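Single-letter residue listing:
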Amino acid sequence: MKQRLMLNKLTLVLVTAMMTISTSVVADVAVVVNSSSAEMPDQSKVAQIFLGKDKSLTPFMQKGAVAEEFIDKVLSRNASQYKAYWAKLAFTGGGRPPKELGSDAEVLSTVSGSADAIGFVDAAAVNDSVKVLFTL
Amino acid sequence: MKKQLIAVAVSLLGVTHSANAEINFSGFGSVVGGIATDDEVTVRGYTDDIEFKQGSFFALQAYSDLTDGLTATVQVRARGSDDWEPEFTWAYLSYELDSNWRIQAGRQRIPLYLYSDYLDVSYAYHWISPPSEVYKAPFDSIDGIASIHNFTVGDANLDLRLYYGQEDFEAGANSYEINNIISAVASVNYGWWTFRSSYTQFEITGELGLGPLVDAWSATPFPQVGSDLDVNEDDYSGLEVGVIFDNQDWLFVAEYIPSSLDNGLIGDYTPWMVSVGKRFGSAQIHATVGEDKVEAYDESFKQVPLGASAELDALIGATQTVIDNNTYTRPFYSVGVRWDFHPSVALKVEYTNVDFEGAGNQGVIQTALVTVF
């Protein structure tokens, strides 16, 4: 009986470990700015920028799994909550949501082409046209 | 005024078009169905026949950046309860003096309540709409000017606003004119917390349909009673304090709105509510309790002696009924669920129960599809 319990516990630990590993493998997100950018915001400042509270840089959103992970980890929200947040502001003159770009390539070309742009891409897509602030 | 506004709005759109500025369109809407649980009593406008029209509406917003700090925003809302006749809820020019301070001129929302700014954007909050037992103002937009200042102190975001304007509107069979509206709002956003307080005052003149009663009183030695029933350049002043805690898991909202219409039938009203929500993945459950509390002003009425004449007694009787109808405390509660089943659409179901003193506890079930696009 005791052994069974031990085994269950071990399985639980293994499963948890596997889940942890697998989520970290899914997609690493790199937050990027223009290579000439003097602004080097930390994660909480990046959140403020994407929520329109800090206007030191112009943020660019993305679609898909990369965006979901960014919204979850940096903005501590899910996609609907992010949308609700901006609906609240956009329909009351309180600001415009970050423009949504279609792909990693589009984000990289936008950020490398504009001194005050900030975006995020799949870490695997990063090239030296941009500067990486941090990776999630 | 409305026609002028439309003309301005249309010409604004024309200008931006000719200047080749980009116009962004966006919108939101709610399709709401409701049914009261009792066949005798109407709750939130719903009877025991299921009904999809009166709570439903759609709104379309056009926004354009005119450059040099100027932007134009026009929002048109069509409500089922107005037979889908569109009206301008917002139509203003905004000028950014600097990145922390802007001036808005034109038609905009009067910031009476915690949820005033996005009253119609159901997608942005948990209820189908904020409790109408607490949010009782029969109008929500004004024509005027606003100064909006936001800045950061440490980790807190502060937002200070000042409004001045006027509005005329119809509610039911009655029409009203509101002048010299002054409103000041301060809100602080700190982490998951938002604290907000506002003070609003204005002068209101309205036709409540009590003309015969007012006239009858003016022919007695107590004309003041009549003028108290009348809403004629009466002063409204209202305070509002509210708090929202929303860590995207737990939600807590509390709001108290002590306000009064000087020497008038509408008198003092002091509604409040407390709401709590909890999220489970894409679903959120919530519960709200509150009170709709109104007390008609009757100081001069109480001075009138009974038994002076049969005629006066009859007048007292009729007036007492009107005052009684405008003096009540109605506790209410509601429970509901929001389900984000789609990236831009949420389904909401809500049950609300109002204790109508004499008519007892009455319920209404509402369900809604709410969207932003």
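Here the structure is a predicted model, which is why all the values come from computation and not from measurement.

Novice: Let's hear about unusual backbone geometry: which residues, and what values?
Specialist: Residues and elements named next belong to chain B. A positive phi angle is found at D83, which is not glycine, with a value near 55 degrees. With respect to the secondary-structure elements, D83 resides in the loop between β3 (70-79) and β4 (86-98). Of the residues examined, D83 has 8 C-beta atoms within 10 Å and is grouped as exposed. Its identity as a non-glycine residue notwithstanding, W84 has a phi of 60 degrees, on the positive side. Counting through the fold element by element, W84 comes out in the loop between β3 and β4.

Novice: Lay out the confidence of the model for chain B with the relevant residues and their values.
Specialist: All names here are of chain B. The predicted model of chain B averages 90 in pLDDT, with 95% of residues at 70 or higher. Scored below 50 in pLDDT, residues 14-18 shows five contacts in the model against residues more than four places distant or in partner chains. We note a pTM of 0.85 for the whole complex and an ipTM of 0.82 for its interfaces.

Novice: Run through the interface of chain A and chain B, naming residues and quoting values.
Specialist: At the junction of the two partners, chain A supplies 15 residues and chain B supplies 20 residues. Looking at the side of chain A that touches chain B, its residues break down into five nonpolar, five polar and five charged.

Novice: Run through helix α2 (residues 43-50) of chain A, naming residues and quoting values.
Specialist: Residues and elements named next belong to chain A. Regarding α2, the residues found buried are V46, I49 and F50. Buried residues in α2, looked at end-on, bunch into an arc of 90 degrees, giving them a common side. Buried residues belonging to α2 abut β1 (29-34), β2 (58-61), β4 (117-122) and β5 (130-135). Looking one or two residues beyond α2, the residue adopting positive phi is G52, at roughly 75 degrees.

Novice: Could you give an account of helix α5 (residues 104-113) of chain A, naming the residues involved and the relevant values?
Specialist: Residues and elements named next belong to chain A. Taken as a whole, α5 has its buried residues at D104, V107, V111 and S112. Down the axis of α5, the smallest arc covering the buried residues is 120 degrees, so these residues share one side. Opposite its buried face, α5 presents the exposed residues A105 and G113, each directed more than 90 degrees away. Structurally, α5 contributes buried residues whose contacts are with β1, β2, β4 and β5.

Novice: Tell me about the sheet that holds β2 of chain A, and please be specific about residues and values.
Specialist: All names here are of chain A. Spatially, five strands are ordered β3-β2-β4-β1-β5 in an open sheet, and the strand pairing comes out mixed. The sheet is open, and its two edges are formed by β3 (99-100) and β5, each paired on a single side. Pairing analysis gives two bridges linking β2 to β3, with the strands arranged parallel. Each residue of the ladder has a partner; that of F60, found in β3, is K99. Docked against the sheet, α5 engages β1, β2, β4 and β5, running at close to 150 degrees with respect to β4.

Rules behind the numbers
Residues numbered from 1 in each chain as written. Chains lettered and ligands numbered in written order. Predicted model: local features only at pLDDT ≥ 70, side-chain atom pairs only at ≥ 80, totals over all residues. Helix = DSSP H or I, 4+ residues; strand = E, 2+ residues; numbered from the N terminus. Buried ≥ 20, exposed ≤ 12 C-beta atoms within 10 Å, placed from the backbone. pLDDT = per-residue confidence, 0-100. Contact = placed C-beta atoms within 7 Å. Nonpolar A, V, L, I, M, F, W, Y, C, P; charged D, E, K, R; others polar. Arc of directions from axis to C-beta. Pairing = 2+ DSSP bridges. Axes fitted to C-alpha atoms, helices over the stretch in contact; angles between N-to-C directions.

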